[in-house]
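Results of the structural survey
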There are 2 protein chains.
Amino acid sequence: MMHNKEINNIVIIGTGNVATNFAMALNEKGKDIVQIYSRTEESAKELADKVSADYTTELHKLEKADIYIVAVTDSAIEEVVRQIKIKNGIIVHTAGAANIDILKSVSSDYGVIYPLQTLIKDKNIDFYNKVPLCIEANNEMTEEKLLKMAELIAGKVYKLNSQKRLVLHLAATFANNFTNYMYVVADKLLKSQNIPFETLKSLIEESTDIIIAQETPAVYTGPAARKDMNTIKKHLELLKNHTEFKKLYELITKNIINKI
Amino acid sequence: MMHNKEINNIVIIGTGNVATNFAMALNEKGKDIVQIYSRTEESAKELADKVSADYTTELHKLEKADIYIVAVTDSAIEEVVRQIKIKNGIIVHTAGAANIDILKSVSSDYGVIYPLQTLIKDKNIDFYNKVPLCIEANNEMTEEKLLKMAELIAGKVYKLNSQKRLVLHLAATFANNFTNYMYVVADKLLKSQNIPFETLKSLIEESTDIIIAQETPAVYTGPAARKDMNTIKKHLELLKNHTEFKKLYELITKNIINKI
């Protein structure tokens, strides 16, 4: 008997940003979303209606499907997974920082499908072109099925094990959350002088374009890259009443100067 | 007798990234670049040829002009300015972190025209739409002339005094150089696992788009924003052999959690 290598019937567990984006992207490509689970009926029904699915608020009432996608907040995954009893089918989670093994008690076929993107429930994103997916599976057959499903909805799919995925998640924290924090600091400094953040937008766009065009990022400009101690001194003087920003400025400047 | 409020004849002092971009942008809009100064004949001639100007390698041989734009590296401005002797005309520098007053001994009319952008000599940038200019002058007539010249070549012109310009320069250091450093850290972490930086590019583009679309930046996502101590612990464990990255991670995470 031939194995059917295609995933067709999908249960989505969760109704947040990631769950919603996966449900919509998979539904758009013709996959059958059979059921949506949420703790609250209202949000379960809301997403279920969008993708013509059934819904439930009870984890022990999950329907039969080829795959169960657990897309809940990181800290809730283990608790949710503990309550899931399925006879067959693949179970996956969608978290960058959670190991594949937290699913092994649920099914003989399990894996991960991690979207490397900031997903927002109500924002239409060009999923195929803007959301790279990282997949992992505990066996070859499952990997093949996951890969096929991932490639249907995403132009870029990477196979990464849990350790590499965690490093990627950490790198993404620097490249996304921490850069955003740098913009927050810049904005707070500007606000103290009633200068609008808008003044920096052309600079931010241009320097992002330069980063995107390069194979490897670098710091070519700025006082630290030039070892311009005179300007660094002026900046630190401005920061003398912002202890936390000053510490951050000193640390990053030291690292840039020392090429760390 | 009516004052002529328009700047027509321009001497550019310097041939670096900023000097080149100003010379090209002003020349394109029909201004007469009468002379280029550089310490080396080769670079003076190269830029002079591009904008049909004379050139010199001697600061005491500057020609008569309406404005002298000193666009040399920050640390060289004062040394260059000391050698300039002019009878008339406005003198300006182009530095974010240098006070207007360093020019007061040269002319009775002086000011600043600071481009808030990463300028690269050999890269054609859409100057008008991508390079905001910040101007300052020591008197109204000079400000009026500078403003007119700035608005000819730039779609966005801000009047800022030296103190505000320095704060803006500091904010730009966070928003540009320090974000670039975050990408450098991300890249180094990825390289340790042979993951290409390219995997992060969609995320970087999307999160920059979100920042640009907002009036005020914020950190909405990531382990620190969620106070997800479990993920933070996993990240710190990965960083245990990268002392400097670990310090940086701890400092930024603490600031995000404490909304500093």
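Residues numbered from 1 in each chain as written. Chains lettered and ligands numbered in written order. Predicted model: local features only at pLDDT ≥ 70, side-chain atom pairs only at ≥ 80, totals over all residues. Heavy atoms only, no water.

**What to know about the interface of chain B and chain A**
What counts here: Throughout, a contact is declared for two residues whenever any of their heavy atoms are within 4.5 Å. By definition, a salt bridge exists where a carboxyl oxygen of Asp or Glu is found within 4 Å of a side-chain nitrogen of Lys or Arg. Any pair of N or O atoms that falls within 3.5 Å is considered a polar contact. Within protein, one atom must be able to donate a hydrogen and the other to accept it, and sequence-neighbouring residues count only if both atoms are side-chain atoms. Counting from the N terminus, the helices are DSSP H or I runs at least four residues long and the strands are E runs at least two residues long. The residue classification treats Ala, Val, Leu, Ile, Met, Phe, Trp, Tyr, Cys and Pro as nonpolar and Asp, Glu, Lys and Arg as charged. All others, Gly included, are polar.
On the chain A side, the residues contacting the 90 residues of chain B number 90 residues. Of the charged contacts, one joins B:Lys123 and A:Glu206 as a salt bridge, the two residues approaching to 2.6 Å between their closest N and O atoms. Linking chain B with chain A are 32 residue pairs in polar contact (both at pLDDT 80 or more), by the criterion used here. For the side of chain B that touches chain A, the elements supplying multiple residues, two or more each, are helix H4 (127-130), helix H6 (162-191), helix H7 (201-213), helix H8 (229-238) and helix H9 (243-257) of chain B. It is H6(B) that contributes the most residues to the side of chain B that touches chain A, 28 residues altogether. Classifying every residue of the side of chain B that touches chain A gives 46 nonpolar, 24 polar and 20 charged.

**Focus on the relation of the copies chain B and chain A**
Inclusion rule: Alignment of copies: least-squares fit on C-alpha atoms of residues with pLDDT of at least 70 in both copies.
The operation relating chain B to chain A is a screw motion whose rotation component is 180°, with 0.0 Å of axial translation and a residual RMSD of 0.0 Å. On this basis, the relationship between the two copies can be described by a two-fold rotation axis. Distance from the rotation axis, computed per C-alpha, reaches its smallest value in chain B at B:Thr179: 2.4 Å. Both copies present the same face, since 100% of the interface residues in chain B are matched by interface residues at the equivalent positions in chain A.

**Some remarks on the packing of helix H7 (residues 201-213) of chain A against H7(B)**
As a reminder of what qualifies: Lines fitted to C-alpha atoms define the axes, with helix axes restricted to the stretch in contact, and inter-axis angles between N-to-C directions lie between 0 and 180 degrees. Each angle gets one of four labels, with under 35 degrees taken as roughly parallel, over 145 as roughly antiparallel, 65 to 115 as roughly perpendicular, and the rest as oblique.
One way to put it is that H7(A) packs onto H7(B) with a least axis distance of 11 Å and a crossing angle of 175°. Put simply, H7(A) runs roughly antiparallel to H7(B). Residues A:Lys201, A:Ile204, A:Glu205, A:Thr208, A:Ile211 and A:Ile212 of H7(A) lie in contact with H7(B), whose contacting residues are B:Lys201, B:Ile204, B:Glu205, B:Thr208, B:Ile211 and B:Ile212. In the contact of H7(A) with H7(B), the residues fall into six nonpolar, two polar and four charged.

**Regarding the pairing of strand E1 (residues 9-13) of chain A**
Residue and element names in this part refer to chain A. Short version of the rule: Note on classification: 1.4 Å probe, protein chains only; a residue is buried when its accessible area is under 20% of the maximum for its type, exposed when over 50%, partly exposed between these limits. Each pair of strands is called paired provided DSSP finds at least two bridges between the two strands. Orient the strands so they point away from the viewer; a crossover is then right-handed if the path from the first strand over the helix to the second runs clockwise.
The buried fraction of E1 amounts to four of the five residues, a majority that puts the element mostly inside the structure. Both E1 and strand E2 (residues 32-37) contribute to a ladder of five bridges, which runs parallel. By the bridge assignment for E2, Ile12 is matched with Ile36. Each parallel crossover has a hand, and for E1 linked through helix H1 (residues 17-28) to E2 it is right-handed. Sheet analysis places E1 next to strand E4 (residues 67-70), joined by four bridges and oriented parallel. Within E4, the residue paired with Ile13 across the bridge is Val70.

**A look at the side chain of B:Asn180**
Inspection of the secondary structure puts B:Asn180 in helix H6. Overall, B:Asn180 belongs to the buried group, its relative accessible area being 8%.

**Concerning helix H2 (residues 41-50) of chain B**
Residues and elements named next belong to chain B. Condition: The arc refers to the directions leading from the helix axis to the C-beta atoms.
All of the buried residues in H2 are Ser43, Ala44, Leu47 and Ala48. Angular distribution of buried residues about the axis of H2 spans 130°; they occupy a single face of the element. Away from its buried face, by an angle of more than 90 degrees, H2 presents the exposed residues Glu42 and Asp49. Check the buried side of H2 and you find it contacts helix H1 (17-28), strand E2 (32-37) and strand E3 (54-56). One or two residues past the end of H2 sits Ser52, with phi positive at roughly 50°.

**Things to note about the pattern of salt bridges**
Residues and elements named next belong to chain A. A complete count under the given rule lists 30 salt bridges over all chains for this structure. Note that Glu136 is salt-bridged to Arg165, the shortest N-O span being 2.6 Å. Remark: Arg165 occurs in helix H6 (residues 162-191) and Glu136 occurs in strand E7 (residues 133-137); sequence separation between them is 29 residues. Overall, the relative accessible area of 0% leaves Arg165 in the buried class. Put simply, Lys247 and Glu244 hold a salt bridge, and the shortest N to O gap is 3.3 Å. Residue Lys247 and its partner Glu244 are both found in helix H9 (residues 243-257); the two are separated by three residues, about one turn of the helix. For Glu244, a relative accessible area of 18% puts it in the buried group.

**Some words on the nonpolar core**
Looking at soluble globular proteins, one finds that nonpolar side chains tend to be buried together. Under the convention used in this document: The set of buried Ala, Val, Leu, Ile, Met, Phe, Trp, Tyr and Cys residues whose side-chain atoms join them within 4.5 Å is what this entry labels a nonpolar core.
Counting 126 residues, the largest nonpolar core has A:Phe174, A:Leu200, B:Ile13, B:Phe174 and B:Leu200 as the members making the most contacts within it. With 17 residues, the single largest contributor to this core is H6(B).

**A closer look at the packing of aromatic side chains**
The cut-off we apply is this: Each pair of aromatic rings taken from Phe, Tyr and Trp, with Trp reduced to its six-membered ring, is defined by centres within 6.5 Å and is described as stacked if the planes are under 30 degrees apart, edge-to-face if over 60, and tilted in the remaining cases.
All told, the structure shown has eight aromatic pairs over all chains when counted by the stated rule. A network of ring pairs unites the aromatic residues A:Phe174, A:Phe178 and B:Tyr249 as a single cluster.

**A closer look at a negative patch on the surface**
How we decide: Nonpolar side chains (Val, Leu, Ile, Met, Phe, Trp, Tyr) within 5 Å and like charges within 9 Å form the patches, drawn only from residues with over 30% relative accessible area and no salt bridge. Note that accessible areas follow from Shrake-Rupley with a 1.4 Å probe, and for residues the cover is restricted to the protein chains shown. The charged-residue count follows a simple rule in which Lys and Arg add positive charge and Asp and Glu add negative charge, with His and chain termini not counted at all. For the purpose of locating charges, the reference atoms are NZ of Lys, CZ of Arg, CG of Asp and CD of Glu.
Taken together, the side chains of A:Glu205, A:Asp209, B:Glu205 and B:Asp209 present a region of like negative charge at the surface. Those elements that provide at least two residues to the negative patch are H7 of chain A together with H7 of chain B. Mapped onto the fold, A:Asp209 is located in helix H7.

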